[in-house]
Amino acid sequence: MRSGISKQLESYLGARVSSVTAVTGGDINDAFAVSLSDGRRVFVKTRADAPSDTYHREAEGLAILRQPGVLRVAEVAAVADDFLALIWIASGPRARDFDSKLGGGLAALHKAHLATFGLSHDNYVGSLPQRNMACSSFADLYREHRLRPLVARASALRLLDAASLRDFDRLYDKLDLLLGPPEPPARLHGDLWSGNIIAGEEGEPVLIDPAVYGGHRELDLAMLQLFGAPSPRFFAAYDEVYPRAKGSEERVALMQLYPLLVHVCLFGSSYKAQLLRALRSYL
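Thresholds applied
- Residues numbered from 1 in each chain as written.
- Predicted model: local features only at pLDDT ≥ 70, side-chain atom pairs only at ≥ 80, totals over all residues.
- Heavy atoms only, no water.
- Axes fitted to C-alpha atoms, helices over the stretch in contact; angles between N-to-C directions.
- Helix = DSSP H or I, 4+ residues; strand = E, 2+ residues; numbered from the N terminus.
- Left-handed = near helix turned anticlockwise from the far one by under 90°.
- Contact = heavy atoms within 4.5 Å.
- Core = buried A, V, L, I, M, F, W, Y, C linked by side-chain atoms within 4.5 Å.
- Buried < 20%, exposed > 50% of the residue type's maximum accessible area, 1.4 Å probe, protein only.
- Salt bridge = Lys/Arg side-chain N within 4 Å of Asp/Glu carboxyl O.
- Pairing = 2+ DSSP bridges.
- Phe/Tyr/Trp six-rings, centres within 6.5 Å; stacked < 30°, edge-to-face > 60°.
- Lys NZ or Arg CZ within 6 Å of the ring centre and 35° of its normal.

Peer 1: Just to check I follow, could you spell out the packing of helix α3 (residues 98-111) against helix α7 (residues 232-241) for this structure?
Peer 2: Two numbers describe a pair of packed helices, the interaxial angle and the distance between the axes. Direction vectors running N to C along α3 and α7 enclose 35 degrees, while the axes themselves pass 7 Å from each other. Note on packing geometry: the crossing formed by α3 with α7 is right-handed. Residues Asp-99, Ser-100, Leu-102, Gly-103, Gly-104, Leu-106, Ala-107, Ala-108, His-110 and Lys-111 of α3 form the contact with α7, whose participating residues are Arg-233, Phe-234, Ala-237, Tyr-238 and Val-241.

Next up, the structure:
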């Protein structure tokens with residue numbers, strides 16, 4: 001970890017850095033466990049090429065998720081242009097009711113609606129910019145500020161051909177009909193795969209690494225199913241608090257288009273076939 005970050009941490013937290021240990025922290029950031037002279041411990045993420053607002057936007061997203069008080073969310077210890085420090089979570093084994101607590105808590109989080117689709121400011125999903133223009137409908141947000149920008153990026157990277165671009169244009173024309181009954185803007189985590197849900201000291205679910213905005217709640221649920229298999233207990237607890245709308249299972253692949261595009265743009269053609277299968281199932 002760069003010495004400048006240690007100096008900033010000491011200034012912000014009022015204690016001397018006594019040790020720094022590299023830890024696993026995902027594919028994008030470098031991550032460190034930092035022990036302080038007063039006995040506190042923090043998790044620090046940083047990377048050399050991060051835009052100056054990256055960690056500020058993540059800290060704001062964590063605050064938005066924490067506001068309803070329905071699920072535990074990672075807490076910010078300090079934030080600066082080049083790092084984010086979180087209060088250390090001594091992760092333990094998942095409690096027996098982990099899935100039920102996650103399902104019910106996520107439903108309550110989604111039910112704590114935001115004022116609009118989108119958000120008052122842009123942020124990031126992974127290392128990619130995420131546009132959050134306020135929109136009157138989720139269809140407008142999904143088409144104009146989720147799918148179109150990443151389809152254009154994937155095309156520029158030569159990961160989507162002309163036929164695939166035409167298929168996306170066909171999807172855009174029918175998107176309003178495909179998205180099901182209108183719903184108010186859910187408070188979304190925005191990058192909710194299994195790796196961004198950890199177990200706390202008591203085995204309870206804790207949310208980390210968000211890409212928050214107001215959107216359709218089925219997108220969070222679809223991403224959980226894209227990179228994992230939520231249990232029946234999870235869905236039963238979710239539906240008890242905030243029952244899913246009719247036809248939600250038929251929209252899973254539609255909602256997975258955005259995270260699949262993110263992965264195509266970040267990691268290349270290995271996700272392309274899955275993306276195009278999902279796309280063409282709605283044409």
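Now, onward.
Peer 1: Is there a simple way to explain the nonpolar core in this structure?
Peer 2: As a rule of thumb, soluble globular proteins bury nonpolar side chains together. Counting residues in hydrophobic clusters, the biggest one holds 75 residues, and the most contacted among them are Leu-106, Phe-168, Leu-171 and Leu-257. Residues in contact with Phe-168, not counting those within four places in the same chain, are Val-151, Leu-160, Leu-261, Leu-275 and Leu-279. Ile-5, Leu-9, Ala-15 and Val-34 belong to the second-largest nonpolar core, a separate cluster that totals 14 residues.

Peer 1: Help me understand the pattern of salt bridges, please; the structure alone is not making it clear to me.
Peer 2: For side chains of opposite charge, pairing can occur when their charged atoms come near one another. All chains considered together, the criterion is met by 20 salt bridges. Note that Asp-49 and Arg-47 form a salt bridge whose closest N and O atoms lie 3.1 Å from each other. Taking relative accessible area as the criterion, Arg-47 reaches 8% and is therefore assigned buried. One salt bridge connects Arg-217 with Glu-183, and the closest N-O pair in it is separated by 2.7 Å. One end of the pair, Arg-217, is in helix α6 (residues 217-226); the other, Glu-183, is in the loop between α5 (162-178) and β9 (186-188), and 34 residues separate them in sequence. Side by side, Arg-217 and Glu-183 carry an identical accessibility label, which is buried. Linked by salt bridges that have partners in common, Asp-140, Arg-143, Glu-144, Arg-148 and Asp-176 make up one network.

Peer 1: I would appreciate a short explanation of the pairing of strand β1 (residues 17-23) in the present structure.
Peer 2: Regular strands place their side chains on alternate faces of the sheet. Relative to strand β2 (residues 30-36), β1 runs antiparallel, the two sharing six bridges. Bridge pairing in β2 links Thr-21 to Ala-33.

Peer 1: Is there a simple way to explain the environment of Asp-27 in this structure?
Peer 2: If you trace the backbone, Asp-27 turns up in the loop between β1 and β2. The class for Asp-27 is exposed, based on a relative accessible area of 71%. Each C-alpha atom of the pair Asp-27 and Ser-127 lies 9.8 Å from the other, and the pair is 100 residues apart in sequence.

Peer 1: Explanation requested: the packing of aromatic side chains in the structure shown.
Peer 2: In this description, an aromatic ring pair is defined by two values, namely the gap between the centres and the angle between the planes. Scanning all chains against the criterion turns up nine aromatic pairs. Centre to centre, the rings of Phe-227 and Tyr-271 are 6.4 Å apart; their planes meet at 80 degrees, and the pair counts as edge-to-face. Taken together, the residues Phe-227 in the loop between α6 and α7 and Tyr-271 in the loop between α8 (252-267) and α9 (272-280) connect sequence positions 44 residues apart. For Tyr-271, a relative accessible area of 21% puts it in the partly exposed group. Through successive ring pairs, a cluster of aromatic residues spans Phe-117, Phe-138 and Tyr-142. Against the face of Tyr-213 rests Arg-146, its NZ or CZ located 4.0 Å from the ring centre. When the ring centre of Tyr-242 is taken as reference, the NZ or CZ atom of Arg-217 above it lies at 3.6 Å.

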